[in-house]
Amino acid sequence: MAETDEDGGSTDHRTRPLPFRYGGEVRPGEKRHLRYEVGETYLGDPVEVPVTIVNGDRPGPRVFVAAAVHGDELNGVKVAQEVARRYEPADLAGTLVVVHVANVPAFQAQQRYIPIYDQDLNRAFPGRSGSNTAGRMANELWEAFLSKCDYGLDLHTSTRNRTTMFHVRAETSNPAVERLARAFGANLVLAGAGEEGSLRRAATAAGIPTLTVEMGKAHRFQPVLVEKATRGVEGVLTECELLPGEAPETKWLRVVPGDAGDKAWIRADTGGLVDMHWGPYPLVREGETICTVSDHFGREERVVKAPFTGLLVGVLENPVALPGHPLCHLVRVDEETSEEIEREISTGEFDGYRANGTVWRTGEEQE
Ligand SMILES: [Zn+2]
């Protein structure tokens, strides 16, 4: 929050051109790619986060786009690259702050958490200077960049061995957050404040309305999703008036409250081999078979059916299960929404959810 930052206080940057200060400064009309030190390796070498700052010709709000808070979640890294490439100071009334890889140690190890002690950077925000490794890294990013913004986007994917439908998580009870969620243009919004220490929760609580974007799977670039999210960023920049025009309308929107019985993790009760039967699209009807879990001899088979009509927001991809292992995350949709979804399916709205990210798995067509 920019209430009393060194720019001369309050939200002055919204009304007159001011430099963005992070230790160095990026003047109005300037675009800079930089590396910012957030820690040190065992060798004592700097750990540096790549950041792009585009300070617009004209004043306006500051928006951050953060990627790879979880180090193996790469779709967002590609979105960050695209967003940083796409906008010049002449395009913007305001400042765009792109944190390309928030969690550099985890990114280098291509894993979710900060290596060795497996600390979750997304439970460490806003961090503290005297804290553990994650807390210090979070604090460095928070103090230098994130806290100086007015709005934020944090880009994620599913964790490894799973995939997730393109959706947004947002504290929609906050009208400014809800506005961003609509402008981003995902059809599905899971409502709620988010976990303690997550960037989204910490930023929103600090007066910086922030969305988490979830899309696809870890360890991949999925072009369809990257393109959708890049458009989503543009929608948010438009809504925040960094860009001219109006954010596009979403054709259908399902906001799922955090606490109601509108979503369920469906878990395996037996260990074994998982065959997914749903599809080719993620809309399942009540009673429809989602998957089976079978023993290795093919004699025992547990059929897992949809307890209600809904969207499969997250699904297992690594096809083995233990008792208690999540097989899928199902979100309830009503009849009207399911009809909207069926219409949208035909226009490619759900492309990129499975398979290689560009096509659906349709049985025989899949190698
Ligand atoms: Zn994540």
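Worth saying up front: this structure is predicted, and the values here are computed from it rather than measured.

Draft legend 1. Highlighting the overall build of the protein chain. Helix and strand counts for the protein chain stand at seven helices and 19 strands. Here the C-alpha atoms of the protein chain give a radius of gyration of 21 Å, agreeing with the 21 Å that 2.2 N^0.38 yields for 367 residues. The dimensions of the protein chain, computed from C-alpha atoms along their principal axes, are 70 × 50 × 35 Å. Counting the 367 residues in the protein chain, one finds 53% classified as buried. Pairs at least 24 residues apart make up 68% of the contacts formed inside the protein chain by residues separated by at least 6 positions. For the protein chain, the distance from the average position of its 40 positive side-chain charges to the average position of its 56 negative side-chain charges is 2 Å.

Draft legend 2. Region of the structure containing the coordination of the zinc ion. Note on the zinc ion: its protein donors are His 70 (ND1), Glu 73 (OE), Glu 73 (OE) and His 156 (ND1). The metal-donor distances range over 2.1 to 2.4 Å. Metal-centred angles of 56 to 146 degrees between the four donor atoms at the zinc ion mark the site as irregular.

Draft legend 3. Fine view of helix α7 (residues 335-345). Considered for burial, the residues of α7 that qualify are Thr 337, Ser 338, Ile 341, Glu 344 and Ile 345. Looking straight down α7, one finds that the buried residues subtend no more than 115 degrees of arc, so they occupy a single side. Structurally, α7 contributes buried residues whose contacts are with β11 (254-256), β14 (283-284) and β17 (310-316).

Draft legend 4. A look at the sheet that holds strand β15 (residues 289-294). The strand order across the open sheet built from four strands is β16-β15-β13-β18, with neighbouring strands paired in antiparallel fashion. Either end of the sheet is taken by a strand with one partner, and the two such strands are β16 (301-305) and β18 (320-321). As defined by bridge partners, β15 adjoins β16 across five bridges and the pair is classed as antiparallel. Looking at the pairing, Ser 294 lines up with Glu 301 of β16.

Draft legend 5. Up close: empty space enclosed by the protein. A full pass over the atoms with the stated rule returns two cavities of 30 Å³ or more. The space that makes up the second largest cavity amounts to roughly 50 Å³. Contributing to the lining of the second largest cavity are 13 residues, with His 13, Leu 18, Asn 55, Pro 59 and Thr 95 lying nearest its centre. If you tally residues by element for the lining of the second largest cavity, the top one is strand β5 (residues 58-67), at four residues.

Draft legend 6. The packing of aromatic side chains, seen in detail. For the structure on display, the rule yields five aromatic pairs. Between the aromatic rings of Phe 20 and Phe 145, the centroid separation amounts to 6.5 Å while the plane-to-plane angle is 5 degrees, which identifies the pairing as stacked. Of this pair, Phe 20 sits in strand β1 (residues 20-21) while Phe 145 is found in the loop between α3 (133-144) and β7 (151-156), placing the two residues 125 residues apart along the sequence. The exposure classification of Phe 20 matches that of Phe 145, with both residues buried. Seen in terms of ring centroids, Phe 166 and Phe 184 are 5.9 Å apart; in terms of plane orientation they differ by 25 degrees. Their pairing is stacked.

Cut-offs and rules
Residues numbered from 1 in each chain as written. Predicted model: local features only at pLDDT ≥ 70, side-chain atom pairs only at ≥ 80, totals over all residues. Heavy atoms only, no water. Helix = DSSP H or I, 4+ residues; strand = E, 2+ residues; numbered from the N terminus. Rg over C-alpha atoms; globule rule 2.2 N^0.38 Å. Buried < 20%, exposed > 50% of the residue type's maximum accessible area, 1.4 Å probe, protein only. Contact = heavy atoms within 4.5 Å. Lys, Arg positive; Asp, Glu negative; His and termini not counted. Charge placed at Lys NZ, Arg CZ, Asp CG, Glu CD. Donors = N, O, S within 2.8 Å, 3.2 Å for Na, K, Ca; no water. Tetrahedral: all angles 85-135°; square planar, octahedral: opposite > 155°, others 65-115°. Arc of directions from axis to C-beta. Pairing = 2+ DSSP bridges. 1 Å grid on protein atoms, 1.4 Å probe; cavity = no way out; pocket = protein on both sides within 12 Å on 5 of 7 lines; lining within 4 Å. Points joined across faces, edges and corners; volume = space filled by probe spheres on them. Phe/Tyr/Trp six-rings, centres within 6.5 Å; stacked < 30°, edge-to-face > 60°.

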